[in-house]
Each structure stands twice: as structure tokens, then as C-alpha cells.
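The residues making up each chain are set out below.
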Amino acid sequence: MLTARERIERQKASPSFIRLHRALTRLKSTVTMMNTGAHPDDEQSGLLAWFRLGLGMRVIVACSTRGEGGQNSLGPERLGALGMMRTREMEEAARALDADIHWLGHGPEDPVHDFGFSKDGDQTLARWGEQRTVERLVRAYRSERPDIVIPTFLDVPGQHGHHRAMTRAAETAIRMAADPAAFPEHFAEGLSPWQVAKYYLPAWSGGGDTYDDEVPPPDATVIVDASGREPATGAEYNRIGEWSRYYHASQGMGHWPDRADTRWPLHLLLARNGMNAETSVLDGLPVSLADLATSRNLSYEAAQALKAAGTAVNTAIAAFPNTDAIIGALTEAATQLDAARENASPAFLELHRHRLGRKAREIDAALIEAARIFDRAVLAPATLSPGETGVLTVDLAPGAEGRSVKVEAVLPERIVAKADASSGCRRTFSVSAATDAAYSNLYAPAWSALAGNGEAHVLVTASFGDHVARATFDLEEPLAVLPASSVTMDPEAILAPVEGGRREWPVKMTVGGRQAPVTLGMADGWSLAQTSAGQMLRAPEKIDAGLRTIVPEVGGRPALRLTPISYSHIGRVTHRQPETLKVLALDLTLPEGARVGYVGAGADRVGLWLSRLGLDVTELDAKALSGDLNRFTTIVVGIFAFGIRKDLAAATEKLHRFVEDGGHLVTLYHRPTDGWNPLETPPRKLEIGSPSLRWRVTNPNAAVTVLTPNHILLNGPNAIGPQDWSGWDKERGLYFAARWDEAYEPLVSMHDVNEQPLLGAIVSGSIGKGRHTHTSLVLHHQLDKLVPGAFRLMTNLVQPV
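Read on for an overview of the structure.

Notes on helix 10 (residues 300-319)
For step 1, the next point in the chain: For helix 10, with 20 residues, the first-to-last C-alpha span of 29 Å sits near the 28 Å given by 1.5 Å per residue.
For step 2, the next point in the chain: Listing the buried residues of helix 10 in full gives A302, A303, A305, L306, A309, G310, A312, V313, A316 and A319.
For step 3, the next point in the chain: In this structure, the buried residues of helix 10 make contact with helix 2 (16-25), helix 9 (289-292), helix 11 (323-343) and helix 12 (346-370).

Put into C-alpha cells, the structure is as follows:
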């Protein structure tokens, strides 16, 4: 349940007059446009704000992945948990634009997922499955029926492979969506062929800090001009786009440009009615109900009803904020729209049924908003386990008084709601989940600005004269059906040296929710013992190097781990995944006398892994960072830290003195935008390459050439050999160093296919009595993936000078 402060924040962020104004602007247009992209945050937010709030179009963001392979500037969430987090960010970003979302991919277990950075569209489509990707886009076109499709990026060298793949598939799907012979299985589901009217390419370059388009953009055939301000908020449309991008906080989004963009050039590549010169993207499209009234194969009665409905809609829009006048005009519009649908020919409905149906839903939503009927719907608790019960409370607003209003709880299969006694404007329902109720879907397939999202929602019907309006409303917090008992292993991974005396490690199995016994399946001589200090995992006398996975069971079933994700901009969600205890046996030697200070920013777990290896590690907060650093032999700065921790940026000179006095400073990869000044942040000049596409190696198996085979960091205390570069995951590294002071020397080189070698993966230099080492390898990710060579290399990097 939301706290009082959270409810206050939500109410402040959603004033009723803003909601009503946006509900009315939806009625201006009968056009639908779709913006295609590969990741949450790929959408062209300022342009979409103009299309939706300025022109009244229905806007859909079609996104192929959940962004689960990306970075996270806010916290430790990775992979599936990050995918859930970025899904929620995309939903809130869409809410700011009053836009819808159509997802093509459904999380890391789906073939269409974010597998990390790619430089090649062909490689991406090979991973996703080109036929599969195109089919899902064809399904999106046939189900959503966009008139206009615009990808955000061009399919050109120098662009992210995921972006290239999505743009290529979006164009291919245009033709196939209209082909009755393509994917005929869709028709059994009620879909039918659909011809997208216009397909535009962006007539701007996708270059910048990350990408580097090698081909100039196509010439503009039309300019979208979004000058002026949105009437209800007084903000420029591109500013509202930044309001939306603010929610992509895990990607560091949300900026305040000095001047808001107002012009977006587009290139018309495909057009249903020919490549005619145009002054607007709306040229040749049925923009309004009045335009639809001029369609062929439309009876006189239907045409007159559509004209009358359009006139009533315009009256309602002009009447804002007079709610009585709005209600009267919208009631007339709904009545006339019903008459038009009843009298329209089958041929007309085949082309435009979706427009009339959408407009009817939007009119009903605006009616119920104008009448101020609904307040909130709260399920307590918001999480249920199979066999549990809760209470759904629906509070209606004063506008419901004196009006016939019904409330229905819409719930997933095997969860039922029973209406309890009503009291005034409050409706309550007893909600029960059957013992065999399915767990919630982690990745919803779509999101709608008209609500009805999540596993459960509320349907409100209200009478306006002879017209009955229906609108859906989301729960204050989404329903999540979770296992009754979850298990958290602490630690979730144990690092065991092959050589050495240690042969037991404490393990703690915490059961969340309903208490139940937990068992661990043991093999190969490993055992679990109960001691006075708690449960201990014991190794056999001889340990073979390698990775073992131990699966805990609870109630006779493999255990699941529940990971809560909570941030103010997205609220609370819970990720669910199989729980395991992994044991990585390592042939590894620790550096003697190493005392490590770790400066983290919450974006990696390198300090934790170093500690689990058995090193003496101290996490340095602001107070520790301002103290005596000479007690440490090595200080490691985590990824992004200079951009996130102001106390670290303020301690730069102190870190330089630490190096001069004999300390070893190790900096993990940073972006140029992470507070990294090449002349001031490192002890000597060290410049990070940009755009990152030119300064990264995306192939995790790329060959590694050792440039300084006798360097101490590659030889002690562990001799780094070819085996240490095998088994890497996702990629080798990114944001490689591009230029550096002569004090530094590069240790290795590597490159992707058909590219020049990059030397800036690891550079290290003797400075004063100490040393600075900078690595752009994604060691933090390899440690999380328990790659043995990454532990051996990281151990070497933190050795004392």
C-alpha cells in the first residue's frame, strides 16, 4: 500500500484538469502513429509529445526488448530485474506522453531480448530470429493499425545493431502486414491484413556520445514543426518529452536543454498512395471524424452521424474547462458515434472499425473524467500468494453521487472478487486467489494510456442519459501473485580456493513469506553441516576447479528468490527467479599484504567479490574517503563513481597524492559523461574514447593480444594466460581509453571483426612512488557471471605497488 507521502506525490503529479484536458485532446484525431525502437528510451519523446498532445494522434511505442542487457546508473539490478525496472520506466515515460506501448520481446528468456551491445544488424536478427522479429512487428501493425510508422534510428553502419535490426524489420513488416498470404495464423485470432499508409525515416543523424552513423541521413521530405506550447501545462512539447525521458533514470536520462527543439525532419520512404509532395505528415489521412464522414461506401445516415459526432467533439474541446458543457457535448458525441457504427457499411467498418471503437473508448473515458466519478482503487495487500485473500477498496469521487455507477473488479484467472456491502462512495470486494492461481507475468505484453493495465484493474460504468459510459482504471499498486514461500541464499555464490586450508563456509537460507523447510541437493562430496556458528557448507578434501550449482528446494519444489525493486520514479515491483547457490572453485593466489579501499557508487559489486575472495576490503563512504588513505595499499573506484559521488570528485587531489605517495589507484570503466575530466580526474592525462561504438569490443570471445607480456599486473600473483580470457559473457569492454600520457602503457589489445585493434582496455603507469591502472573491461559483469579469469585478473590489478 502506498504511504501517505506517496499518495500526495501522485495526486500532485496528476491534477484533474490536466487529466481532463488530455482526455479531450485524444478526441481531436483519428490517426494512429507508431514509433519503433529496440530499447526503453529509444523513443523520440519530443516528437511524440507533439503528435499526441499537439495533434491529438494516438501514439504507440513499439519496443523490441526490455533493455535487460543495458547498464544501470541507479542500483544493482541487472538482467531480468533490470528488464522489469526498465519496463516500468517505459510505462511511466509513456504515461507522461499519454502514449501506449506494444512490446515485441518478453524478457531475458525470450529470444527477442537485449543481449548487450551489438554493432551489426545482421548479427542481431540472427540472435533474435529475423522471421520471428518480423512476425511480431506484423502482428503489431495488424493489431494496432498505425497509419504512420517512424523508427527512431537509421539502418546504417556506426549505429547500434539492435537499432538497425528494428528499423530493417519495421520496413519489411510494412509489406508483409498488408499481404494476406503472410502469417495467415493471425487471421484465426481475429486479425486482418493492414496497410500502413506512410513509413518515414528520421532525416537526422543518430551520432553522438554513443553512436557514429557513417552514412548521412536522407533528405527531409517534410518538417514537423512543434512550435508553441501545450495549453494545459504551458510547456514546450520537447520539454514534455524530457518530462517523459526523466523516467528513464536508470539510463541517466532527463535533461534540461537551453532551448527546446521544435523541428524534426522526416524522410517519406514508403507511401500507400504514392510519393506525393506533402506539407504535413497528416496529408492524405483521415484526420478527424469529419474526414471519415467523407469516406466512400458510407451511407448518408452514417455520414451525417459522423459529422454530428465530430461537431460535438469540437464543442466539448472548446468548452474546456466547463465540465457541464463538456459532459453534454460528449454525451451527444457518443450517441452520434453509436448511430454511425450501426449504419456504416461492412466495407467502411473493415477499414475504420478500429478508429470508431477507439474513439468510443476515448469519449467514455473523457465523460467519466469530466464527471469526476473515480478516485482510486486499492488492493490490500497488493501481493497475494495462491490460497490467500485480500480486500479491494474502490473510492468513487463526489461526481458519482446521484448517478447510476457500477464498479467491477477485473481479475486474472483463478482469482475472484466478491462484492461486499457498499458505503457511500466506497465499494469493497473480498478477493481470493485459488491454491492453483498462476504467478504473475513479469513482463506485461502491452501498456495502455486508457488504463486496464497489469494483472488486475477496475471497470467503471456510469449512465449519462441513455448512454452508458465505460472506463478502466488501474490499481494504485499493481497486483502481483507471488509464491507463498521464497528462499534467499546468503551468500548466493561462494568462491572456494582450490589450494589452501579453508574447507567450509557459512551459509544462511532465509525463507520469506510462509515458513517451510529448505533442503539443498548435494553431490561430489559437498555437504551441509549444522554447527554452533550456524549452517556450514563443507567441501570435500580435494576440490576440482570449476563451477557447481546447488539448487535449494522448499516444500519439495525448486526454490524461487524474490527481489524487491523500489524507486520513487517507478514505485515497487518484485522480480522472481530460481534461487541457487553457486560454488566457484578457483585456482587463484591472493596478493600479499593487500589492503583495499573500495569506492562504489551502487552500480557494481566488485568490492563484495574482492571481499569474498578473502581480501581485506573496506567500503569507503564519504567519511572514510576524507580520512587517512595511506592505510590502504590499493584504492579501487567503481564504475560511474566519479559521476555519481560528489565526495569522490572532491577527493580527486587526495587520490592523486595517494598515488604519488606509493598507493595503487585502480579505476574501473567510466563514460566521458561520468564526471571524467581527462586532464583532472586521473593522476595523468587519460582520455576516454567517444562515441562509445568506436571504443568498445562487443564480442566476448574476441582475441586478446598481450602487448607487455612481462608486466607485473599480468604475471603476479597469477600468471594471466589464454584460459583467463575464455568464457567471458556479453562483451569484452566499452569506453576504452583513447589517448593517454606517456606515463601509461597499454597491456593488451583486442578488437571486433573487421576493426582496428584497440589498445585502451587496460593501461597502467608508474606515477611518483605509486601506480594508476585504468581498465575499461567489464570486469564487474564478468565477476557477477562468475568467470574464473576475471577473478584472477582482478586479483592481480589490486596488488600493492
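Back to the write-up after that little detour.
Some details on unusual backbone geometry
For step 1, the next point in the chain: The linkage connecting A380 with the following residue, P381, adopts the cis geometry, with an omega of -5 degrees.
For step 2, the next point in the chain: With omega at 0 degrees, the peptide bond leading from S690 into P691 counts as cis.

Some details on the pattern of salt bridges
For step 1, the next point in the chain: Under the defined criterion, the tally for this structure stands at 48 salt bridges.
For step 2, the next point in the chain: Between R139 and E189 there is a salt bridge whose closest N-O contact spans 2.3 Å. Here the residue R139 occupies a position in helix 6 (residues 130-144), and E189 occupies one in the loop between helix 7 (161-177) and strand 5 (198-202), the gap between them amounting to 50 residues.
For step 3, the next point in the chain: Taking relative accessible area as the criterion, R139 reaches 25% and is therefore assigned partly exposed.

A few points about the sheet that holds strand 10 (residues 389-396)
For step 1, the next point in the chain: Spatially, 8-10-13-12 is the arrangement adopted by the four strands of the open sheet, whose pairing is antiparallel. Strand pairing shows two members of the sheet lacking a second neighbour, strand 8 (374-380) and strand 12 (415-419), which therefore form its edges. Here the strands of the sheet are splayed against their neighbours by 20 degrees on average, with no regard to which way each runs.
For step 2, the next point in the chain: Two elements, strand 8 and strand 10, share six bridges in a ladder whose sense is antiparallel. Bridging from a neighbouring strand, A380 pairs with V391 of strand 10.

Comments concerning the sheet that holds strand 26 (residues 552-554)
Two modes of strand pairing occur in sheets, parallel and antiparallel, and in both the strands are linked by backbone hydrogen bonds.
For step 1, the next point in the chain: Taken in spatial order, the three strands make up an open sheet running 22-26-27, and their pairing is antiparallel. Each edge of the sheet is formed by a strand with only one pairing partner; in this case those strands are strand 22 (518-520) and strand 27 (557-558).
For step 2, the next point in the chain: Summarising the sheet, strand 26 and strand 27 pair through two bridges and their orientation is antiparallel. Residue V554 lies in a different strand from strand 27, and its bridge partner there is R557.

A look at the nonpolar core
For step 1, the next point in the chain: Core analysis: the biggest nonpolar cluster contains 73 residues, and L610, I635, L777, F791, L793 and M794 have the highest contact counts within it.
For step 2, the next point in the chain: For this core, the leading source of residues is helix 19 (residues 788-797), giving five residues.
For step 3, the next point in the chain: In contact with F791, other than residues within four places in its own chain, are L495, L584, L586, L588, W609, L613, L783 and L786.
For step 4, the next point in the chain: Counting residues in each nonpolar core, the second largest holds 64 residues, with A329, A370, V458 and L479 among its members.

Quick notes on the rules
Residues numbered from 1 in each chain as written. Predicted model: local features only at pLDDT ≥ 70, side-chain atom pairs only at ≥ 80, totals over all residues. Heavy atoms only, no water. Helix = DSSP H or I, 4+ residues; strand = E, 2+ residues; numbered from the N terminus. Expected span 1.5 Å × (residues − 1). Buried < 20%, exposed > 50% of the residue type's maximum accessible area, 1.4 Å probe, protein only. Contact = heavy atoms within 4.5 Å. Salt bridge = Lys/Arg side-chain N within 4 Å of Asp/Glu carboxyl O. Pairing = 2+ DSSP bridges. Axes fitted to C-alpha atoms, helices over the stretch in contact; angles between N-to-C directions. Core = buried A, V, L, I, M, F, W, Y, C linked by side-chain atoms within 4.5 Å.

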